[in-house]
Amino acid sequence: MTIAVAAFATWSEERLRRTMATPTEEHGMEYVTAIDDGIEILSPSGRFDAFAAPQIAEELARIQAASDRLVVDLSAVPFIDSTGLATLVRAMKHAREQNASFVLCGLVEPVRIIFELTRLDRAFDIADDCASALATLRQ
Amino acid sequence: MTRPPGPPAAVETIVEAWLEDGAEHVTLTARGHPPWSWGPSSGDGTPLTTSALTVLVEGDLPAARIAHDTKLLVEILDLAESAAEARHRLATVMRFEVPADVDVATTLQSTVDQLADVLAVARVTINVETEVGPRTATSAAPVVDPDRSQEATATRALPLNRGAGTLSIVGGDAINPEILDALARRAASAIDLSITYEESIATVRLQNEYELAERVQSRMLPRRSVPQLTGFEIFAESRPARLVGGDFCDFQGGTGRPTFFSVGDVSGKGLPAAILMSMTMATLTNKVEYLPEPTPEAIIARANEDMYSHFTDVGMFATAVVGKLDPEASSVSLANGGHSPVVYKASGMPPELIAPEGTPLGVLDETFAKDRTLRLATGDVLVVASDGLNEQRDSQGEMFGYHRLLATVEALADQPARLIAIGLFSAVRAFAGGAEQDDDQTVLVVRGVPRTTPSFQAELDADLEALRGLPKLLDEAIARHPGRRAISDDIRTGLELAIHEVLTNIVVHGYADTRGSITLRFGGDTSEIVIDIEDQARAFDPLEAPMPDLDAPQVHGYGMFLVRELMDTTEYGRRGQTNHLRLIKHL
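Every value quoted in this text rests on a predicted model; they were computed, and no experiment measured them. (Residues numbered from 1 in each chain as written. Chains lettered and ligands numbered in written order. Predicted model: local features only at pLDDT ≥ 70, side-chain atom pairs only at ≥ 80, totals over all residues.)

Now for the overall build of chain A. When its secondary structure is counted, chain A shows six helices and six strands. Listing every helix and strand of chain A by position from the N terminus yields α-β-β-α-β-β-α-β-α-α-β-α. Every one of the 139 residues in chain A was classed for burial, and the buried ones make up 42%. The contacts of chain A with a sequence gap of at least 6 include a subset with a gap of at least 24, amounting to 68%. (Helix = DSSP H or I, 4+ residues; strand = E, 2+ residues; numbered from the N terminus. Buried ≥ 20, exposed ≤ 12 C-beta atoms within 10 Å, placed from the backbone. Contact = placed C-beta atoms within 7 Å.)

The next thing to look at is the overall build of chain B. In terms of helices and strands, chain B carries 14 helices and 23 strands. By residue count, 39% of the 587 residues in chain B fall in the buried class. Sequence separation of at least 24 residues holds for 67% of the intrachain contacts in chain B that already meet a minimum separation of 6.

Let us look at helix α1 (residues 9–20) of chain B. Residue and element names in this part refer to chain B. When the terminal C-alpha atoms of α1 are compared, their 16 Å separation across 12 residues agrees well with the 16 Å that a helix rising 1.5 Å per residue should span. Three or more residues of α1 are buried, namely Ala10, Val11, Ile14, Val15 and Trp18. One side of α1 carries all its buried residues, which in axial view fall inside an arc of 130°. Note on α1: the residue one or two positions beyond its end, glycine 22, has a positive phi of about 130°. (Expected span 1.5 Å × (residues − 1). Arc of directions from axis to C-beta.)

Turning to the interface of chain B and chain A, a few remarks are in order. Listed per partner, the contact involves 20 residues of chain B and 20 residues of chain A. Among the elements of the structure, α13 (489–510) and α14 (558–566) of chain B are those that each provide at least two residues to the side of chain B that touches chain A. Of all the elements, α13 of chain B adds the most residues to the side of chain B that touches chain A, at six residues. Per-class residue counts for the side of chain B that touches chain A are 10 nonpolar, six polar and four charged. (Nonpolar A, V, L, I, M, F, W, Y, C, P; charged D, E, K, R; others polar.)

Turning to the packing of α13 of chain B against α14 of chain B, a few remarks are in order. All names here are of chain B. Two elements in contact, α13 and α14, have axes whose closest approach is 9 Å; the angle formed by their N-to-C orientations is 145°. At the point where α13 passes α14, the crossing takes the left-handed sense. Along its contact with α13, which presents Gly494, Leu497, Ala498, Glu501, Val502, Thr504 and Asn505, the element α14 presents Gly559, Met560, Leu562, Val563 and Leu566. Of the residues that constitute the contact of α13 with α14, the class distribution is seven nonpolar, four polar and one charged. (Axes fitted to C-alpha atoms, helices over the stretch in contact; angles between N-to-C directions. Left-handed = near helix turned anticlockwise from the far one by under 90°.)

As for its placement among the helices and strands, arginine 31 of chain B is situated in the loop between β1 (23–30) and β2 (36–38). Separated by 21 residues in sequence, arginine 31 of chain B and alanine 52 of chain B place their C-alpha atoms 5.5 Å apart.

Bringing the nonpolar core into the picture now. Counting 74 residues, the largest nonpolar core has Val71 of chain A together with Ala498 and Leu503 of chain B as the members making the most contacts within it. When residues of this core are assigned to their parent elements, the largest contribution, eight residues, is made by α13 of chain B. The residues touching leucine 503 of chain B, leaving out its near neighbours within four places in the chain, are Leu460, Leu467, Leu470 and Ile518 of chain B. In terms of nonpolar packing, the next biggest core, distinct from the first, is built from 65 residues, Val226, Phe251, Leu361 and Ile420 of chain B among them. (Core = buried A, V, L, I, M, F, W, Y, C linked by C-beta atoms within 7 Å.)

On to the confidence of the model for chain B. Residues and elements named next belong to chain B. Here chain B shows a mean pLDDT of 82. Residues at 70 or above account for 86%. Within chain B, the lowest mean pLDDT, 45, falls on helix α6 (residues 209–220), and the highest, 97, falls on strand β17 (residues 381–385). Counted against residues more than four places away or in other chains, residues 80–87, with its pLDDT under 50, gives nine contacts. Taken together, the stretch residues 209–224 has pLDDT below 50 and engages in 26 contacts with residues farther than four places along the chain or on a different chain. (pLDDT = per-residue confidence, 0-100.)

Bringing the pairing of strand β5 (residues 123–130) of chain B into the picture now. Residue and element names in this part refer to chain B. Of all eight residues that make up β5, six are buried, and the element is covered over most of its length. When β5 meets strand β6 (residues 133–138), the two strands line up antiparallel, connected through six bridges. Of the residues in β6, the one forming a bridge with valine 128 is arginine 135. (Pairing = 2+ DSSP bridges.)

What follows deals with the confidence of the model for chain A. All names here are of chain A. Residue-level pLDDT values for chain A average 82, and 80% of them are 70 or greater. A low-confidence stretch, residues 1–11 stays under pLDDT 50, and its non-local contacts, those more than four residues away or across chains, total 17 contacts. Note on residues 15–26: pLDDT under 50 across the span, and 10 contacts to partners over four residues away in sequence or across chains.

Sheet strands associate in pairs through backbone hydrogen bonding, adopting either a parallel or an antiparallel arrangement. Residues and elements named next belong to chain B. Ordered in space as β9-β18-β17-β14-β15, the five strands form an open sheet in which the pairing is antiparallel. With partners counted over all chains shown, the strands left at the sheet margins are β9 (232–239) and β15 (352–353), one partner each. Where strand β14 (residues 342–345) lies against β15, two bridges are found, and the strand directions are antiparallel. Bridging from a neighbouring strand, valine 343 pairs with leucine 353 of β15. In the packing of helix α10 (residues 401–412) onto the sheet, contacts are made with β14, β15 and β17, and the angle to β14 comes to roughly 35°.

Before going further, it helps to spend a moment on the packing of helix α2 (residues 53–66) of chain A against helix α3 (residues 82–97) of chain A. Residue and element names in this part refer to chain A. Where α2 contacts α3, the two axes come as close as 10 Å, and the packing angle between them is 15°. With respect to α3, the element α2 is oriented roughly parallel. Helix-helix and strand crossings are classified by hand; for α2 and α3 the assignment is right-handed. Contacts between α2 and α3 pair Ala53, Ile56, Ala57, Leu60 and Gln64 from the former with Thr83, Gly84, Thr87, Ala91, His94 and Ala95 from the latter. Considered class by class, the residues forming the contact of α2 with α3 number six nonpolar, five polar and no charged. (Parallel < 35°, antiparallel > 145°, perpendicular 65-115°, else oblique.)

Quick look at the pairing of strand β11 (residues 259–266) of chain B now. All names here are of chain B. Counting buried positions along β11 gives eight out of eight residues, so the element sits mostly inside the fold. The two faces of β11 match: Thr259, Phe261, Val263 and Asp265 on one face and Phe260, Ser262, Gly264 and Val266 on the other face are all buried. Across seven bridges, the pairing between strand β10 (residues 247–253) and β11 is antiparallel. From the neighbouring strand, phenylalanine 251 faces β11, where its bridge partner is phenylalanine 261. The pairing of β11 with strand β12 (residues 318–326) spans eight bridges and is classified as antiparallel. Within the sheet, the bridge partner assigned to glycine 264 lies in β12 and is alanine 320.

All names here are of chain B. Tracing the backbone shows arginine 156 in strand β7 (residues 154–158). By C-beta crowding, arginine 156 is classed as buried, having 20 other C-beta atoms within 10 Å. Taking the C-alpha atoms as reference points, arginine 156 and isoleucine 169, 13 residues apart in sequence, are found 8.9 Å from one another.

This next bit is on the environment of aspartate 525 of chain B. All names here are of chain B. Within the secondary structure, aspartate 525 sits in the loop between β20 (517–524) and β21 (528–535). Separated by 42 residues in sequence, aspartate 525 and glycine 483 have C-alpha atoms that sit 5.7 Å apart. What aspartate 525 contacts, discounting residues up to four positions off in sequence, is Pro482 and Gly483.

As a further point, take the sheet that holds strand β8 (residues 163–170) of chain B. Residue and element names in this part refer to chain B. What the four strands build is an open sheet, ordered β6-β5-β8-β7; its pairing is antiparallel. For this open sheet the edge positions go to β6 and β7, each flanked by a neighbour on one side alone. With strand direction ignored, the average angle separating the axes of adjacent strands in the sheet is 10°. Pairing between β5 and β8: eight bridges, direction antiparallel. Counterpart to asparagine 127 in the pairing with β8 is threonine 166. The strands touched by helix α4 (residues 104–119) are β5, β6 and β8; relative to β5, the strand with the most contacts, the crossing angle is about 150°.

Put into structure tokens, the structure is as follows:
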């Protein structure tokens, strides 16, 4: 557990640094990426809708080409629509084909409800919090 | 013997049945008796001879039937020492009324009920294991059941051609084993027939599965195409008694044309009724589209001309009401070809049954249906139902009837159209008790309502970035809505997602990246929030999208699924160049 907390602390620091270094507003959705011990972490923030989806899809594809362990941190996503869901489903299916890990974490309540309504909560690997997602992937 | 005896009554019964079913002349020559004969002989029959009996039948009766029944005749004649009453029972059983075109379950139930009745026993059970699966039927419990024991007093194997089965009898006096054997054979042949029938239907159903599912079932459920007209509130629902039934309810016109509805019922059941039903619906739609001045009267008359020979060929007919809704005049004009019940309730008046003035489609080459106009201003209600409601029986066999139908409409007339329809279905179901739904049930309700003004209206550019303005716009709409106190955070989240999905669909699929705008209107009261969304993109009904398979994650289809899940009502309509989608959420 201590390892996980330490990892999360490192990650948060990295995330903060990257956020400050690359504020991206013009694409409809901000996001930061970080690498923690070989695990790629994508942290979008804002509305994950049809407007933002192409850009996130591109970023997911880029990361998946380079890494076989990916965590998508949705803790800063207050809203997801069906296009956002579809983007994540595509990435999850791609990960399965590649035998790669693909974990979601940090779902806020309104977003979690959408996953439950569509039963996608059963299809995705969803961690309660991002620290435990990282801990699991390190094992 | 001082004089030649006549044939036993049971033999008479069987021969009479032959004569009814096509035989013209019958001669029976039984061992030790002078010949018995019925009907004039033309002398062209071939006799069938067994050790005990020679049978000569002339006329149109299948050889298999003659062969089968001859065995029974032999048995009847051999049962000389059996009591006269036993023979009579056997003869009665021989007249089983089991039609050839019913399914296995119906045949089994009819067989056990008649056997229990004829044999005067407490209970008759048949178990069969056939290619169409295992089935069981037990006779209805008698009012007085003196023998409560489950132990069968007699059992027989059923000599089925297409499977295996047993006949068990509980209670009653001892039954002659030969009679029991004859009964088992008789039951087996009826069950074999019904298996063949059910398989042929299943085959046809499989072949037509796609078409039927599309053309018949989806069109029987008018939920998705209920039109929206200012000053009217419309609801329609059809609840089929079987997978494929005879009721239909449809809407026509609307794209720059007057809006019509049609409600009807094709006589008969099953596939032929379903096919005629879709033909009738297609014909009515065609008349609305292509008659230069469509009126309900003209539509019914022309549809009858087109369909008359089709109906006559198969000995069927269809009742139909066609109505034209006139929002400008707040009225409806109706023509009725033999359909009932149609109930009209003017505001402040008791409901009345509107009797059909015309005959059903397919009965005569003319229907005599005439247009009549009814006012549908605020508080006036029109209910077009099918006879599946008033003819529903309870467990004692009593019908729901017109009286209860009118009383239910009277009690519910102030409610929204949806609640009037649901209330009618519920009242009929409650009346039926546990009894099965006898027939298709269809209800169309049109209510005159005030022409409401929206509490909030906004325009959005049709591009994905502009949709980012929705949360702020929704907050404003909620702040001005009469039901704002009842709009919780969860409801707000659901509204936002549902509206967002609809708007995204319009941008991506409707306008498909061309420029345009979308109008949003929020209305309703303290009990519901109504969101009307209009655009001028190509005709596009997002509600037609197939539902996703929730057991397999996929990339398409979740949007409209979520809209349906989150909203209580979703309706699409096309008016002129405008797509109109209405979402309703109850508060």
